[in-house]
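# Examining the three-dimensional arrangement
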Amino acid sequence: MNMYEIMEALREDVEVPDIVQRKADEALEQIRKACGAEAGNASAHGKGRKMSRKGRKRLAVCMAAAILAVGGTCIAAAYRGLSRSTEKDMNISAEQKAGFESQAAEKEAVKGEAEKTGETESGENDTLVTFPEVSATDKGVTITLQDCIVDNYNARLTFRIDGYELPQVPEEAAFYQPEAFFNITVDGEGPRGSMNMGFYDGSYVGDNLESVQDESIRNCQFADGSMEYTIRFDCREKGIYMNKPVRVEFTGIGYSMEKAGEAYMDLEGSWVLEWTLQGCDDVYEADVENGAIGDTGATLTHVELSPISAKVLIDFPKQEYEEEIEGGGSHTTWVEPADLRGVKLKDGTVYHYAWMGGGGYSGYRESDTICEMVRHGSRVVDIDQVEYLLFFKDYPEDGNVTDDNFWFVKIR
């Protein structure tokens, strides 16, 4: 929660987790005692009034604001908010955002209680979004790990960069893009699977694949001068990111002047961030009966759904063919079954594009009849509510996608 969000929260009835409220009450009691006898005597001569729960909630938020303002850390982690790029790129609603931040706050408070009493904290992976308190400063620039989203097949890390000013864009530049230079290891090794990274430039994809641009963001910098950089891992091996130590060392910030050209270092330094990945390993896994994908000849046989990723097995015998390569020559490839794109929930809600996050995998690993498909999310899905999976049929000429452009396959 940034300072603007805190002020907004003060205008309404704030929902604070009970355990966080209790810690706030304890802090208030300590403050009261610390005020000394003089304050106590003054209170004794006045009329006492018990503060309502609503009032205590508001005061708890005020305390969080004060702690953030002076750089304290005792409950600051509980109020760290989602990055702006994560909200937009993952199509996270205000309700989902509040839920994620509340869950993370409660888990952080439980962890603090466990450390205080010497108890062992639960090792369950049940919080999709976490806000590790990790940052590093060098050359007047601070890089902070803003948020992490991790499930069985996907990990998304967003970093906030403060104190860096991009060089002025040359007027003759046809292309200009900020770049970050870094080294990263997961569990002491290089990342497995595919990795995508980049600065958030204010553009994101809407529900109907329309392109949306936040014009207030210029050259990837927000109005306050900060920037957000995202690193995303996509993998087809289940759970390889969960509970793994991560080390990221940013070695510089710069820019590129050509879309496929060389990146130039503008500021060199060393910003090292180390923490342990945590996330949510919830999964809905089932064999599917009557899983025909329209009239394509492909049949969905098995599903494995996670909050921001999905793995499916499709009975579709391998059909190889020679594909010509531009510039000459050819290579052997195969026909792929209809692509997994969206979901329909039990309440009738349809998301045509739930898994468009890139870095997906389709292939034949164990047989020439079963195609394995792994897709990564462009939104967070409540896996307990998914009733149908949507497979892409065709794209309309007018660009207005409807249910008719998908095959619906019932999975439960």
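All right, on to the overall build of the chain then. The helix and strand tally for the chain stands at six helices and 22 strands. Burial analysis of the chain (412 residues in total) assigns 43% to the buried set. In the chain, once contacts between residues fewer than 6 apart in sequence are set aside, the share between residues at least 24 apart is 65%. Carbon and sulfur atoms make up 46% of the accessible area of the chain, which amounts to about 21,700 Å² in all.

Turning our eyes to something else, we now look at the nonpolar core. Ranked by size, the top nonpolar core spans 37 residues in total, and within it Leu157, Phe159, Ile161, Phe250 and Trp275 carry the most contacts. Elements represented by at least two residues in this core include exactly strand E3 (141-150), strand E4 (154-162), strand E5 (177-186), strand E9 (227-234), strand E10 (245-256) and strand E11 (263-276). Broken down by element, the residue count for this core peaks at five residues, all from E3. Look past the residues within four positions of Phe159 in its chain and what remains in contact with it is Ile143, Thr144, Leu145, Gln146, Met227, Glu228, Tyr229, Ile231, Val248, Phe250, Leu273 and Trp275. Judged by nonpolar contacts, the second largest core, of 29 residues, contains Val288, Val312, Phe316 and Ile411.

Here we come to the packing of aromatic side chains. A full pass over the atoms with the stated rule returns 14 aromatic pairs. Taken together, the aromatic side chains of Phe159, Phe182, Phe199, Tyr229, Phe250 and Trp275 make up a single cluster linked through ring pairs. Sitting above the plane of the Tyr351 ring, Arg379 keeps its charged end 3.9 Å from the centroid.

Let us now look at the sheet that holds strand E19 (residues 361-363). By definition, the strands of a sheet pair up through backbone hydrogen bonds, in either a parallel or an antiparallel sense. Strand order in this open sheet of five strands is E12-E13-E14-E20-E19, and the pairing throughout is antiparallel. The open sheet has two edge strands, strand E12 (284-287) and E19, and neither has a second partner. Adjacent strand axes in the sheet meet at a mean angle of 10 degrees when their direction is disregarded. Summarising the sheet, E19 and strand E20 (residues 370-376) pair through three bridges and their orientation is antiparallel.

To continue, consider the pattern of salt bridges. Taken as a whole and assessed by the stated rule, the structure comprises 17 salt bridges. Of the charged contacts in the structure, one is a salt bridge between Arg247 and Glu274, with a shortest N-O distance of 3.7 Å. Taken together, the positions of Arg247 in strand E10 and Glu274 in strand E11 put the pair 27 residues apart, joining distant regions of the chain. A relative accessible area of 53% places Glu274 in the exposed class.

Moving on: the pairing of strand E13 (residues 299-306). By the criterion of burial, E13 is predominantly enclosed, with six of the eight residues buried. With four bridges joining them, E12 and E13 adopt antiparallel strand pairing. The residue of E13 that forms the bridge with Asp287 is His302. As judged from the seven bridges shared by E13 and strand E14 (residues 309-315), these two strands associate in the antiparallel manner. Within the sheet, the bridge partner assigned to His302 lies in E14 and is Leu313. Here E13 hands over to E14 after two residues, the two strands then running antiparallel side by side.

The next subject is the sheet that holds strand E21 (residues 386-392). Taken in spatial order, the four strands line up as E18-E17-E21-E22 in an open sheet, and their pairing is antiparallel. Each having just a single partner strand, strand E18 (350-351) and strand E22 (406-410) make up the two edges of the open sheet. Summarising the sheet, strand E17 (residues 340-345) and E18 pair through two bridges and their orientation is antiparallel. Across the sheet, the residue bridging to Lys344 is Val350, located in E18.

This part covers a nonpolar patch on the surface. Nonpolar side chains collect at one region of the surface, where Val205, Leu209, Met356 and Tyr395 lie side by side and expose about 340 Å² of accessible area between them. Its place among the elements puts Val205 in strand E7 (residues 203-205). Here Val205 falls in the partly exposed class, since its relative accessible area comes to 41%.

Reading the values: rules and limits
Residues numbered from 1 in each chain as written. Predicted model: local features only at pLDDT ≥ 70, side-chain atom pairs only at ≥ 80, totals over all residues. Heavy atoms only, no water. Helix = DSSP H or I, 4+ residues; strand = E, 2+ residues; numbered from the N terminus. Buried < 20%, exposed > 50% of the residue type's maximum accessible area, 1.4 Å probe, protein only. Contact = heavy atoms within 4.5 Å. Areas by Shrake-Rupley, 256 points an atom, 1.4 Å probe, with all protein chains shown as cover. Core = buried A, V, L, I, M, F, W, Y, C linked by side-chain atoms within 4.5 Å. Phe/Tyr/Trp six-rings, centres within 6.5 Å; stacked < 30°, edge-to-face > 60°. Lys NZ or Arg CZ within 6 Å of the ring centre and 35° of its normal. Pairing = 2+ DSSP bridges. Axes fitted to C-alpha atoms, helices over the stretch in contact; angles between N-to-C directions. Salt bridge = Lys/Arg side-chain N within 4 Å of Asp/Glu carboxyl O. Patch = residues over 30% accessible without salt bridge, like charges linked within 9 Å, V, L, I, M, F, W, Y side chains within 5 Å.

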